[in-house]
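# Residue-level structural notes
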Amino acid sequence: MDKNQLAIKIKELRNQKGMSQEFLAEESGLSLRTIQRIEKGESNPTGESLKRLSNALNVNPDELIDWVIKEDKKYLTFLNLSALTFLFFPLLGILIPFILWTSKKSQIKNINKLGKDLINFEITWTIVLFFIPILLFTISKSRLIDTITFRTFFITIVLMYVINLIAILLNTFRISNEKNVVYFPQIRFLK
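Analysis parameters
Residues numbered from 1 in each chain as written. Predicted model: local features only at pLDDT ≥ 70, side-chain atom pairs only at ≥ 80, totals over all residues. Heavy atoms only, no water. Helix = DSSP H or I, 4+ residues; strand = E, 2+ residues; numbered from the N terminus. Buried < 20%, exposed > 50% of the residue type's maximum accessible area, 1.4 Å probe, protein only. Contact = heavy atoms within 4.5 Å. Areas by Shrake-Rupley, 256 points an atom, 1.4 Å probe, with all protein chains shown as cover. Lys, Arg positive; Asp, Glu negative; His and termini not counted. Charge placed at Lys NZ, Arg CZ, Asp CG, Glu CD. Axes fitted to C-alpha atoms, helices over the stretch in contact; angles between N-to-C directions. Parallel < 35°, antiparallel > 145°, perpendicular 65-115°, else oblique. Nonpolar A, V, L, I, M, F, W, Y, C, P; charged D, E, K, R; others polar. Core = buried A, V, L, I, M, F, W, Y, C linked by side-chain atoms within 4.5 Å. Phe/Tyr/Trp six-rings, centres within 6.5 Å; stacked < 30°, edge-to-face > 60°. Lys NZ or Arg CZ within 6 Å of the ring centre and 35° of its normal.

Helices and strands together make up the secondary structure of the protein chain, namely nine helices and zero strands. Walking the protein chain from its N terminus toward its C terminus, one meets helices and strands in the order α-α-α-α-α-α-α-α-α. Once the C-alpha set of the protein chain is aligned to its principal axes, its extents read approximately 80 × 30 × 25 Å. Among the 191 residues that make up the protein chain, the fraction classed as buried is 36%. Partitioning the contacts of the protein chain with sequence separation of at least 6, the portion at a separation of at least 24 is 68%. Of the roughly 11600 Å² of accessible surface on the protein chain, a fraction of 61% belongs to carbon and sulfur atoms. When the 25 basic and 17 acidic side-chain charges of the protein chain are each reduced to a single mean position, those positions are 7 Å apart.

This next bit is on the packing of helix α6 (residues 73-82) against helix α8 (residues 111-142). Where α6 contacts α8, the two axes come as close as 10 Å, and the packing angle between them is 5 degrees. Viewed along their axes, α6 and α8 adopt a mutual orientation that is roughly parallel. Of the residues in α8, those in contact with Tyr75, Leu76, Leu79 and Asn80 of α6 are Ile111, Leu114, Gly115 and Leu118. Of the residues that constitute the contact of α6 with α8, the class distribution is six nonpolar, two polar and no charged.

Leu76, Leu79, Ile111, Leu114, Leu118 and Tyr183 are the most contacted members of the largest nonpolar core, which totals 26 residues. Looking at this core, the elements with two or more residues in it are α6, α7 (92-104), α8 and α9 (150-176). Considering each element in turn, this core owes the most residues, 10 residues, to α8. Not counting residues up to four positions away in its chain, the partners in contact with Leu76 are Ile108, Lys109, Asn110, Ile111, Leu114 and Ile175. Core analysis: the next-biggest nonpolar cluster, separate from the first, contains 14 residues, Ile10, Met19, Leu50 and Leu53 among them.

This next bit is on the environment of Glu12. Within the secondary structure layout, Glu12 lies in helix α1 (residues 3-16). A C-alpha to C-alpha distance of 9.5 Å links Glu12 and Glu39, two positions 27 residues apart in sequence.

Next up on the list: the packing of aromatic side chains. The final tally for this structure, using the stated rule, is six aromatic pairs. Ring centres of Phe86 and Trp125 lie 5.0 Å apart, and the angle between their planes is 70 degrees; on these two criteria the pair is classed as edge-to-face. Remark: Trp125 occurs in helix α8 and Phe86 occurs in the loop between α6 and α7; sequence separation between them is 39 residues. No difference in accessibility class separates Phe86 from Trp125, as the two residues are buried. Ring plane angle 35 degrees and centroid distance 5.1 Å describe the contact between Phe121 and Tyr183, whose orientation is recorded as tilted. One end of the pair, Phe121, is in helix α8; the other, Tyr183, is in the segment after α9, and 62 residues separate them in sequence. Look at Phe121 and you get buried, because its relative accessible area is 2%. What links up through ring pairs into an aromatic cluster is the set Phe86, Trp125 and Tyr161. We note Lys104 situated over the ring of Tyr75; from NZ or CZ to the ring centre the distance is 5.7 Å.

Okay, here's the thing in structure tokens:
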């Protein structure tokens, strides 16, 4: 979060509303010294402080945060490509992007949509991947299909990996062209 940009916006909003620093401190429940340090860009307010400031300034907390969100296409690309860790172990394709997303959540433009869509897709993909052996075994035992060979099982798993790989690479291309990511199918675990 860019402290200087946030400092300017808070001071600007405070002045527009005709508030003194003392009044803003009183209304927000923050100390006068904290308000002064935030407005000088000497400190970065916590999430709780941002909520208090937005309430006192009568603005939506997201609006206050949006003013300090920066664009970082490289980080979005890195976040998206981090899902390739599924190639080593499927759960890594969820865990690594989740860690990267939460560490920069609400600080980079479009990161929340990318993070949620990517993680929802990877969770859905992982669930399907783990249910394929159970499904194939059940189908073979129910005799709906005479035999399911190891080859069928192997081809199905490889196809699942290829689908995931293509989805990640296509969305990396979409990010580089400043288009919205499209991860499908996905169950909306994160909303």
